[in-house]
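So you can see what is in the structure, the chains are spelled out below.
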Amino acid sequence: MKGLMKIISGVFHPLLMATYLSTLLFIKAPVLFPRVLPEIVPEFILVIFITTFVMPAISIFLLKAFTVISNFELTERVERIKPFLFIAFYYAVASYLFQEKLEMGPVFMTVMIGVTILIVALLIITRWFKISIHAAAIWSGVGFVSALMITKGIDLGWLFYGLIMAAGLTASSRLYLGYHKPTEIWAGILLGYIYSFSAILIFL
C-alpha cells in the first residue's frame, strides 16, 4: 500500500498540475482558448510542461545537489522557502510570456496568475505552518474547474469526477505516508479550492 501511495503522490505532484489542467481544458473546452489552433495544442502543452515542471524541477534538483535542501519531498518546513521562490519566479515569468507573446485570453491568464499568487501565499504560510502543497495544488485545480463549469458552462463529464477522486487520493496519500497531519491536509484542501473557485468567480 505504501508503494501505491508514493506513486499517487508522485503522479499528482504539484508541479504537474498546470500541465494536467491545461491538457484537460484544451481537450474538453477548446472554446476557452480561441487563439490556440488545434494543430499546435501539443506543442503548447509541451511549453507549459517545460516552464512549469521541467525548469522548476531542475532548480530543485540543483538545490538538492548543493545540499540546500535535504530531500526532494521537502519534508522540512524551513527548507521549502528557496524552492518556492524559484517556482513562483518560473510561474510569474511563464504568465508574463504567455500574455505578452501569445495573448492567451482571460481564462488562461486568470488561472496562471491565480496559481502564481497561490504559490506566493503558500510560501508565506509555510514560514509558520507546514500546509500540504499537494492538497492545495490539486484541490486548486478542482476549484478552477468547478468555477469554470458554472461560469462558462463547460462539460467535463466523467473526467470531473475522476479529478475529484484523484484529489481525494492525493490528499489521502500524503496523510498515509506521514508527511502531513490532518490539519495540514485540510488547510491545503480548503485554501486551494476556495481561493481558486473564488478567483474565477471574481475575475471572469
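What you see is a predicted model; the values in this text were computed from it and never measured. In every chain, residue numbers begin from 1 and rise along the written sequence. Side-chain atom pairs in this predicted model are given and counted only at pLDDT of 80 or more, local residue features only at pLDDT of at least 70, and totals for whole chains, interfaces and linings cover all residues. In computing side-chain properties, one takes all heavy atoms of the structure into account and sets aside hydrogens as well as water.

Colleague: Give a description of the nonpolar core that names residues and reports values.
Modeller: Side-chain atoms within 4.5 Å are what join buried Ala, Val, Leu, Ile, Met, Phe, Trp, Tyr and Cys residues into a set we call a nonpolar core. Buried means the residue's accessible area, taken with a 1.4 Å probe over protein chains only, is under 20% of the maximum for its type, while exposed means over 50%, and partly exposed covers the values in between. Membership of the largest hydrophobic core comes to 52 residues, with the highest contact counts inside it found for Phe 26, Leu 32, Phe 33, Phe 98, Met 104 and Phe 108. When residues of this core are traced back to their parent elements, those giving at least two are helix H2 (17–28), helix H3 (41–65), helix H4 (81–102), helix H5 (106–125), helix H6 (133–151), helix H7 (158–176) and helix H8 (182–203). Working definition: helices are DSSP H or I runs of at least four residues, strands are E runs of at least two. Numbering for both runs from the N terminus. A total of nine residues in this core trace back to one element, the largest contributor, which is H6. Every residue pair with non-hydrogen atoms within 4.5 Å of one another is taken to be in contact. With near-sequence residues (within four places) excluded, Met 104 lies in contact with Phe 26, Phe 33, Val 36, Phe 44, Phe 98, Gln 99 and Met 109. One finds Phe 84, Leu 122, Ile 131 and Ala 136 within the second-largest nonpolar core, a separate group that totals seven residues.

Colleague: Would you mind going over a nonpolar patch on the surface in detail, with residue names and values included?
Modeller: A patch is a set of surface residues, each over 30% in relative accessible area and not in a salt bridge, joined within 9 Å for like charges and within 5 Å for the nonpolar side chains Val, Leu, Ile, Met, Phe, Trp and Tyr. Areas reported here follow the Shrake-Rupley algorithm with a probe of radius 1.4 Å; residue values treat only the protein chains shown as occluding. One side-chain nitrogen of Lys or Arg within 4 Å of one carboxyl oxygen of Asp or Glu is enough to make a salt bridge. A surface patch of nonpolar side chains, about 510 Å² in accessible area, is lined by Ile 58, Phe 61, Leu 62, Phe 66 and Val 68. Looking at where Leu 62 falls in the secondary structure, it is placed in helix H3. Judged by its relative accessible area of 42%, Leu 62 falls in the partly exposed class.

Nothing here speaks to function; it is geometry throughout.
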